[in-house]
Amino acid sequence: MSTSSSPRIQHPGLAQKIMSAAEAAALIPAGANIGMSGFTGAGYPKQVPQALAARIEAEHAAGRPFQVNVWTGASTAPELDGALAKVNGIHQRLPFQSDPICRDKINAGEVHYLDIHLSHVAQHAWFGFLGPMQVAVVEVLGILPDGRLIPSSAVGNNKTWLEIADKVILEVNSLPPIEMEGMHDIYYGTAIPPRRQPIHLTQATERIGEPYLRVDPSKVIAVVQTHQRDRDTAFAKPDAVSNQIAAHIIDFLAHEVKVGRLPKNMLPLQSGVGNVANAVLAGLLDGPFDELLGFTEVLQDGMLELIKRGKMTAASATAISLSSEALKDFNEHIAFYRDRIVLRPQEISNHPELVRRLGVIAMNAMIEADIYGNINSTHVMGSAMMNGIGGSGDYARNGYLSFFVTPSVAKGGKVSCIVPMVSHVDHTEHDTQIIVTEQGLADLRGLSPRQRAQVIIDKCAHPDFRPLLQDYFDRARSKGAQHTPHILGEALSWHERCLATGSMLP
């Protein structure tokens, strides 16, 4: 790759530090805590992680141990998580991932994984809970003459990484449109207790910061030029199940407006990542709501389409992660979207104080729910990590309304997503308001555990499993304490049967 300066690198001193990805990777020590940019397949470094993986592979071939600890905003892409995991280069990973190779290493016990609420990561790093950060590797779109940085398609934890890292490597990506400049709002008013002050954000899309990231130029040890797109986020077209889930949610929201518990244009929307979440947003295109606002983590195809069609006025997020078709539209109409999208650090996008103040309506996916409303978002059969908790807990506990959604069954109908007891708890019954499957919607507000159980069984369970759940609940009520009736010897028997036979059905 050429090391000549591009028009996007305007700081004379930093232009002198341009080098190849391999040369930059050679500056990263073994055992380092590395803060990588990236959030849900957007804004991650493209070249340095691959060069680091090649270096690690060579070190291992020579019989020398070499691993690093990788901290990010959320998930990245095969060029980062996949490349480093493939060569056994990751000792510890946090706070969220979705790469299949990395997942396999985690579940094989070869990678130590810290699954952390996304709102906690920056502050835990600032507090020193995670140890020092030796190197930050951050993608940006450009470097201004005074050294300020134009953020990329994801802000994530980049502000914090640039501040706390001993050394910084910048990847300057010239492929995304430079017209994204001005879309970002980087807030520099956070502090460590007891010096914290209120965050003065009272509207979902108001600006409280500045358009650029800051970095001490003396800490920058390398600048690497790239010209690569983000991971292509492919979404399946909404199927019948997703459309039914979306219809239940939209009917419920319309009822909340009718009875006066929501304004006509609702409250700011948060939507988790995935096909079901996108289907819900797609359903809002034909829904009765206008002048919507978004206050979310990742702006995906569904929310972009709402903005394009005029159903959503504006949206705040920490990253943009789009399919190829949606990205083409975004790039072609960048001026239109720049006026309607704000990208913030995730310590703002996921801040519990702000989620509660704004009254966010949260919609997140889950793996399974139990009959009392406890939610498993992360583990398959109790032990195997899927992706991580992400920001769902930040929104679920603090949102004005909180939905957890899933198809009622998985694995071709062999696995029920409504079970007697979840095999792992990420969100307790105390943080769960509404559960939705294609079968129906269970509004759990104001209900005791036994009332919740009956509503969840009646409304959300698949017909193949509903009688089994009812039988379990009835027998549990015939013995023991009656506040939250359980038969402990059977509570996880469905999972045990699935592990033994491949099906939860008897």
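Just so it is clear, the structure is predicted and the values come from calculations on it, not from any experiment.

Asker: How do you make sense of the overall build of the chain when you look at a structure like this?
Answerer: Across its full length, the chain holds 18 helices and 25 strands. At 23 Å, the chain has a C-alpha radius of gyration in line with the 23 Å of a compact globule built from 506 residues. Its C-alpha atoms give the chain principal-axis dimensions of about 75 × 55 × 45 Å. When each of the 506 residues of the chain is scored for burial, the buried share is 57%. Put simply, 73% of the contacts in the chain that link residues at least 6 apart link residues at least 24 apart. Accessible area of the chain: about 19,400 Å², with a carbon and sulfur share of 53%.

Asker: Could you clarify how one ought to interpret the sheet that holds strand β17 (residues 375–376) in this entry?
Answerer: The strands making up a sheet associate through hydrogen bonds between their backbones, and the pairing can be parallel or antiparallel. The strand order across the open sheet formed by three strands is β17-β16-β23, and the pairing between neighbours is mixed. Since the sheet does not close on itself, it has two edges, and those belong to β17 and β23 (418–419), each with one partner. The pairing of strand β16 (residues 368–370) with β17 spans two bridges and is antiparallel. Considered in β17, the bridge of Glu368 is made with Asn376.

Asker: Looking at this structure, I do not really get the packing of helix α3 (residues 48–61) against helix α4 (residues 78–86). What am I missing?
Answerer: How two helices sit against one another is set out by the angle between their axes and by the gap between those axes. Orientation of α3 relative to α4, taken along the N-to-C sense of each, is 10 degrees, at an axis distance of 8 Å. With respect to α4, the element α3 is oriented roughly parallel. Along the contact surface, α3 presents Pro49, Gln50, Leu52, Ala53 and Ile56, while α4 presents Glu79, Leu80, Ala83 and Leu84.

Asker: I tried to follow the pattern of salt bridges on my own but got confused; where do I start?
Answerer: Opposite charge on two side chains allows them to pair when their charged atoms are near. Applying the stated criterion across every chain, the model contains 22 salt bridges. With its nearest N and O atoms 3.3 Å apart, the salt bridge here joins Lys105 to Glu110. The class of Lys105 is buried, set by a relative accessible area of 17%. The shortest N-O distance in the salt bridge between Asp443 and Arg445 comes to 2.8 Å.

Asker: I keep staring at the side chain of Gln92 and nothing clicks. Help me out?
Answerer: In this structure, Gln92 sits in strand β3 (residues 90–94). A residue is classified by how much of its surface remains accessible, and Gln92, at 18% relative accessible area, is buried. Of note is the side chain of Gln92, whose polar atom sits 3.4 Å from the side chain of Trp71. Discounting chain neighbours no more than four positions away, the residues touching Gln92 are Val68, Asn69, Val70, Trp71, His112 and Leu114.

Asker: Teacher, can you tell me more about the pairing of strand β5 (residues 135–143) here?
Answerer: Regular strands place their side chains on alternate faces of the sheet. Extensive coverage of β5 is indicated by the burial of nine of its nine residues. Relative to strand β7 (residues 167–173), β5 is paired through five bridges, and the arrangement is parallel. What sits directly across from Glu139, in β7, is Glu171. Two successive antiparallel strands, β5 and strand β6 (residues 149–151), enclose a turn made up of five residues, where Gly147 displays a positive phi of approximately 95 degrees.

Asker: What should I look at first to understand the packing of aromatic side chains in this one?
Answerer: To describe a pair of aromatic rings, you give the distance between the ring centres and the angle between the ring planes. Tallying each qualifying case throughout the model produces seven aromatic pairs. With 5.1 Å between their ring centres and 65 degrees between their planes, Phe127 and Phe129 make a pair best called edge-to-face. Judged by centre distance (5.6 Å) and plane angle (90 degrees), the rings of Phe252 and Phe403 are edge-to-face. On the criterion of sequence distance, the pair formed by Phe252 in helix α8 (residues 240–258) and Phe403 in strand β20 (residues 401–405) is long-range, its members being 151 residues apart. Assigned by exposure class, Phe252 and Phe403 land together as buried. Positioned over the ring face of Tyr188 is Arg214, at 3.9 Å from the centre of the ring. The ring of Phe473 carries the charged tip of Arg477 above its face, separated from the ring centre by 4.3 Å.

Asker: Would you explain the state of the cysteines in this entry?
Answerer: Every disulfide links exactly two cysteines, by a covalent bond between their sulfur atoms. Within the structure shown, the criterion is met by zero disulfides. Among the cysteines around Cys460, which has no disulfide bond, Cys417 carries the closest sulfur, lying 11 Å off. On the basis of relative accessibility, which here comes to 0%, the residue Cys460 falls in the buried class.

Asker: Explain the side chain of Ser152 to me, please; I cannot follow it from the model alone.
Answerer: Secondary-structure assignment places Ser152 in the loop between β6 and α7 (158–164). When its relative accessible area of 0% is taken as the criterion, Ser152 is described as buried.

Asker: How do you make sense of the pairing of strand β15 (residues 361–365) when you look at a structure like this?
Answerer: The element β15 is extensively covered by neighbouring structure, given that four of its five residues are classed as buried. Examined bridge by bridge, β15 and β20 share five bridges and lie parallel to one another. By the bridge assignment, Ala362 is partnered in β20 with Ser402.

Asker: Would you mind going over the nonpolar core with me for this structure?
Answerer: Side chains of a nonpolar character, in soluble globular proteins, are inclined to be buried together. Judged by nonpolar contacts, the single largest core of 78 residues is most densely connected at Leu253, Met266, Phe330, Ile341 and Phe403. Of all the elements, α8 adds the most residues to this core, at seven residues. Non-local contacts of Leu253, meaning those with residues more than four positions away in its chain, are made with Leu262, Met266, Phe289, Ile361, Leu401 and Phe403. Judged by nonpolar contacts, the second largest core, of 42 residues, contains Ala21, Ile34, Leu52 and Ala83.

The rules behind the values
Residues numbered from 1 in each chain as written. Predicted model: local features only at pLDDT ≥ 70, side-chain atom pairs only at ≥ 80, totals over all residues. Heavy atoms only, no water. Helix = DSSP H or I, 4+ residues; strand = E, 2+ residues; numbered from the N terminus. Rg over C-alpha atoms; globule rule 2.2 N^0.38 Å. Buried < 20%, exposed > 50% of the residue type's maximum accessible area, 1.4 Å probe, protein only. Contact = heavy atoms within 4.5 Å. Areas by Shrake-Rupley, 256 points an atom, 1.4 Å probe, with all protein chains shown as cover. Pairing = 2+ DSSP bridges. Axes fitted to C-alpha atoms, helices over the stretch in contact; angles between N-to-C directions. Parallel < 35°, antiparallel > 145°, perpendicular 65-115°, else oblique. Salt bridge = Lys/Arg side-chain N within 4 Å of Asp/Glu carboxyl O. Polar contact = N/O pair within 3.5 Å; in protein donor to acceptor, adjacent residues only side chain to side chain. Phe/Tyr/Trp six-rings, centres within 6.5 Å; stacked < 30°, edge-to-face > 60°. Lys NZ or Arg CZ within 6 Å of the ring centre and 35° of its normal. Disulfide = S-S within 2.5 Å. Core = buried A, V, L, I, M, F, W, Y, C linked by side-chain atoms within 4.5 Å.

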